[in-house]
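Notes for the structure review
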Amino acid sequence: MSRRDRLGKGLGALLGEYMEPEADPSEIRRVPVTHIVPNPLQPRRTFTDTELQELSASIHENGLLQPLVVRPSPSASDRFELVAGERRYRAVNMLGWSEVPVLVRDASDETLLVLALVENLQRSALNPLEEAEGYQALMDRFSMSQGQIAQAVGKSRPAVANILRLLNLPASVRTLLESGALSMGHARALLAVEDEVRAGELARAAAREGWSVREVERKVGETPQRRGKRRRVTRQRDPVSLALEEALQDLLSTRVRIRQDKKGQGSIEITYHGADDFERIFELMTGRDVGEVLR
């Protein structure tokens, strides 16, 4: 099933209207490029020179095959705000175009932000922090729940919750994640480190040494409070337990520890970070919505 197929019906209709418009030629108008301003709610902050140069070359060779979609500016009668097509807008600016074809549509601020998120998500254009900040903006500005966001962007609620957790990382770790020096898997492992200084040290070492996600998880487990006798026991653990522990960590996207005594009895310790994360893990483990249980 494609990402488009997973989108909620309401947003699917919006995508058909705004992102792949099949407008009558009479609806397309030309406006000065200087009369268009970027989407003020655009979650994407990084546009590489290479991708814009490649797109500019394509537009120069083939023309602009799809008009920009804009809405009337709330603050000026002869100005417009981008709804969809930020990359194309930047590319035609690089080419020095004076005018550009557009479709003018009415769109609320909420629609503007959701569409920008989905347009970028479909192209895998957002880094994890930009995606998280976009979701947070939907929660803060429009009081959307994680479930509503998940439906809007075509993701599962646990996936949205996992992305939002990245905003709890220390600034030093977020910088490395945003630059691409660390992956989302590395960042998720570092969420288990409460000491921000230690988290930053591990993040920088991981980026410098090229550690795998598993190596970061191992280093996180060797933080000062876990050294000594417990560390020696960990080295001698049953390989079956270790394999099952890793499988649970992959499933739940959080730290899991299986503790077992010589008689084969023990416990499973699952780390969570706040009420939302607890609900996310509960839903993954039981397949049930927390709201249904509490009714």
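Conventions and cut-offs
Residues numbered from 1 in each chain as written. Predicted model: local features only at pLDDT ≥ 70, side-chain atom pairs only at ≥ 80, totals over all residues. Heavy atoms only, no water. Helix = DSSP H or I, 4+ residues; strand = E, 2+ residues; numbered from the N terminus. Buried < 20%, exposed > 50% of the residue type's maximum accessible area, 1.4 Å probe, protein only. Contact = heavy atoms within 4.5 Å. Pairing = 2+ DSSP bridges. 1 Å grid on protein atoms, 1.4 Å probe; cavity = no way out; pocket = protein on both sides within 12 Å on 5 of 7 lines; lining within 4 Å. Points joined across faces, edges and corners; volume = space filled by probe spheres on them. Nonpolar A, V, L, I, M, F, W, Y, C, P; charged D, E, K, R; others polar. Axes fitted to C-alpha atoms, helices over the stretch in contact; angles between N-to-C directions. pLDDT = per-residue confidence, 0-100.

Assigned secondary structure in the protein consists of 16 helices and 7 strands. Looking at the protein as a whole, 43% of its 295 residues qualify as buried. Long-range pairs, those at least 24 residues apart, make up 66% of the contacts in the protein between residues at least 6 apart in sequence.

Quick look at the environment of Ser 73 now. Relative to the elements of secondary structure, Ser 73 occurs in the loop between β3 (68-72) and β4 (80-84). Relative accessible area serves as the criterion here: at 12%, Ser 73 is assigned to the buried category. Between the alpha carbons of Ser 73 and Val 37 there is a distance of 8.6 Å; along the sequence they are 36 residues apart.

What follows covers the environment of Glu 86. Looking at where Glu 86 falls in the secondary structure, it is placed in helix α4 (residues 86-95). Residues Glu 86 and Val 69, spaced 17 residues apart in sequence, show a C-alpha to C-alpha distance of 9.5 Å.

Attention shifts here to the pairing of β4. Among the 5 residues in β4, 5 count as buried, and that is most of the element. Here strand β2 (residues 36-37) pairs with β4 via 2 bridges, running parallel. Bridge pairing in β4 places Val 37 opposite Glu 81. Where β3 and β4 come together, 4 bridges link them in antiparallel fashion.

Here the focus is the layout of surface pockets. Each pocket or cavity is described by its volume, and for the second largest pocket that value is around 240 Å³. Together, 16 residues line the second largest pocket, and Arg 188, Ala 189, Glu 217, Ser 253 and Thr 254 are the ones closest to its centre. For the lining of the second largest pocket, the secondary-structure elements that each account for two or more residues are α10 (184-190), α12 (213-220) and α14 (239-252). Counting residues per element, the lining of the second largest pocket draws most heavily on α12, which supplies 4 residues. For the lining of the second largest pocket, the per-class residue count stands at 4 nonpolar, 6 polar and 6 charged.

Attention now moves to the sheet that holds β2. With respect to topology, 5 strands assemble into an open sheet ordered β1-β5-β3-β4-β2, the strand pairing being mixed. Taken across any chain shown, the strands that pair with only one partner, and hence form the sheet edges, are β1 (29-32) and β2. Contacts between α4 and the sheet are confined to β2, β3, β4 and β5 (99-104), with β4 contributing the most and set at about 125° to the helix.

Bringing the confidence of the model for the protein into the picture now. For the protein, per-residue confidence averages 77 on the pLDDT scale, and residues scoring 70 or more make up 82% of the total. Least confident of the elements in the protein is helix α1 (residues 3-6), whose mean pLDDT is 36; most confident is helix α11 (residues 196-209), at 90. Across residues 1-21, confidence stays below pLDDT 50; counting only partners more than four residues off in sequence or on other chains, it has 47 contacts. With pLDDT under 50 throughout, residues 225-235 is counted as low confidence; its partners more than four residues away or in other chains account for 10 contacts.

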